[in-house]
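Observations on chain architecture
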Amino acid sequence: MNLPFKIAVRFLKSSKGQTVLIAIGIAIGVSVQIFIGSLIQGLQKSLIDKTIGNSSQITIRSTKDDKTIENYEEKISQIKLTDSRIEKVSPAADSPAFIKYNDKNAPIIIRGLNLNNDKELYNIKSKIYEGNIPKNSYEVLIGKDLKNELNLKIKDKISLITPNGKTKEAIVTGFYDLKVANINKSWIITSIKTSQEIFDFGNKVTSIEMQLNSKNVFKADEIGITIGKKLSDNNITVENWKDQNEELLGGLNGQSVSSLMIQVFVLISVTLGIASVLAVTVVQKSKQIGILKAMGIRDRDASKIFLYEGLMLGIAGAVLGIIIGITLMVTFTKFALNPDGTPIIALYIDYKFITISGVIAVTSASLAALVPARNSSKLEPIEVIKNG
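Scope of this entry: the structure provided in the associated data block. Note that the coordinates shown come from a computational prediction; the quantities given were computed from them, not determined experimentally. (Residues numbered from 1 in each chain as written. Predicted model: local features only at pLDDT ≥ 70, side-chain atom pairs only at ≥ 80, totals over all residues. Heavy atoms only, no water.)

Examining the environment of Gln78
- The residue Gln78 is located in helix 3 (residues 72-82) in this model.
- Among the residues examined, Gln78 registers a relative accessible area of 26% and is labelled partly exposed.
- As for Gln78 and Lys230, which are separated by 152 residues in sequence, their C-alpha atoms are 7.6 Å apart.
- Look past the residues within four positions of Gln78 in its chain and what remains in contact with it is Lys230 and Leu231. (Helix = DSSP H or I, 4+ residues; strand = E, 2+ residues; numbered from the N terminus. Buried < 20%, exposed > 50% of the residue type's maximum accessible area, 1.4 Å probe, protein only. Contact = heavy atoms within 4.5 Å.)

Right, here's the structure in full:
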């Protein structure tokens, strides 16, 4: 172990109260940075999950008069080969209609989905709270709100009336809850085949819906453009969630900017605090440094003493700050609860962000030590000893 490091450790031990206060100051800065950053990230993730987590992020629609897409299976095969970031691809056959049951009528949208596909976008199977998924033609799922409005039960027969006046009978096999009242009240979900038969689509669909892996959700616009070029079909248009949710994106960007500004100012405060305290330490230890220089220690090694101090204080503060920051996050999710007992913001721990925060704290503490290190190298041993 080299001499400057040993001296730095001795200096820190000789002023334990000061050392502890600096470490706590760094820890508070790191914990605030981690807590606020993780809170904003968790909030953004929660908003995205609730907004587009179980819905289409890229959608292909027809520009033809009948709004249908031909050769959709071939297009799906092309899409899957276009970009590995596309996680789920599912066709849908939709059209507005009316439901009639016991003299009650309501406007609805019949959604024909590939319910047996393990990569079905909406994960309908997990959202069914009563009954089962349709297995035969003209079997349907009804949303929770529509069920309550019409007082429906399993195995009830309902009438589906298309815009051209055609009526088809269907059997209710289950009820779902997608946690969105508007969807629960308007969607009647069935198989693609049933929807195609009701609306005379033939072997066509009205849209092809896609989801991306969680790391590339914000690249939906770029991937959508690539898909459009790959398919090269003038009868289709490619939409993405970013174009349809500009206000949400604006809010998320505002949150990110405000979070970054808070973290930067906290970092600046911590850095200035460390620099000022270590600068005072140089004055306090000037006599010892003068004696060490008189004994032959080089200016470079004298500077290293304070650089080592900054490094050790940064590491101690970063470790303590990470522990405090994570504790604050866990505590917040335990006490900040919705009426149903769930956390207002779910616990979200980004290990990469936490590691970066710790590294920045250590780097800042080391950089803050440069000023006192430079001052110590300028001390003249004769003058210091002479002046006491």
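Next comes the rest of the write-up.
Describing the side chain of Ser31
- Following the sequence through the fold, Ser31 ends up in helix 2 (residues 16-53).
- Dropping the residues within four chain positions of it, Ser31 is found in contact with Gly321, Ile324 and Gly325.

Things to note about the packing of aromatic side chains
- According to the stated counting rule, one finds five aromatic pairs in the structure shown.
- When the ring of Tyr122 is compared with that of Trp187, the centres are 5.3 Å apart and the planes differ by 90°; the resulting orientation is edge-to-face. Taken together, the residues span a long stretch of sequence, with Tyr122 in the loop between strand 3 (104-113) and helix 4 (124-127) and Trp187 in strand 8 (residues 187-191) at a distance of 65 residues. Neither Tyr122 nor Trp187 differs from the other in exposure class; each is buried.
- When the ring centre of Trp187 is taken as reference, the NZ or CZ atom of Arg111 above it lies at 4.6 Å.
- Looking at Lys147, its charged tip hangs above the ring of Phe175, at a distance of 5.3 Å from the centre. (Phe/Tyr/Trp six-rings, centres within 6.5 Å; stacked < 30°, edge-to-face > 60°. Lys NZ or Arg CZ within 6 Å of the ring centre and 35° of its normal.)

Remarks on the pattern of salt bridges
- Under the definition given, this model contains twelve salt bridges.
- The shortest N-O distance in the salt bridge between Arg61 and Glu239 comes to 3.1 Å. Within this pair, whereas Arg61 is found in strand 1 (residues 58-62), its partner Glu239 is found in strand 10 (residues 236-240), the two being separated by 178 residues in sequence.
- With relative accessibility at 33%, the residue Arg61 sits in the partly exposed group.
- For Glu239, a relative accessible area of 25% puts it in the partly exposed group. (Salt bridge = Lys/Arg side-chain N within 4 Å of Asp/Glu carboxyl O.)

Comments concerning the side chain of Thr59
- For Thr59, the position within the fold is in strand 1.
- Exposure remark for Thr59: the relative accessible area of 6% places this residue in the buried category.
- In this structure the side chain of Thr59 is engaged in a polar contact, spanning 2.5 Å, whose partner is the side chain of Ser56.
- With residues near it in sequence (within four places) discarded, Thr59 still touches Ser207, Ile208, Glu209, Thr237, Val238 and Glu239. (Polar contact = N/O pair within 3.5 Å; in protein donor to acceptor, adjacent residues only side chain to side chain.)

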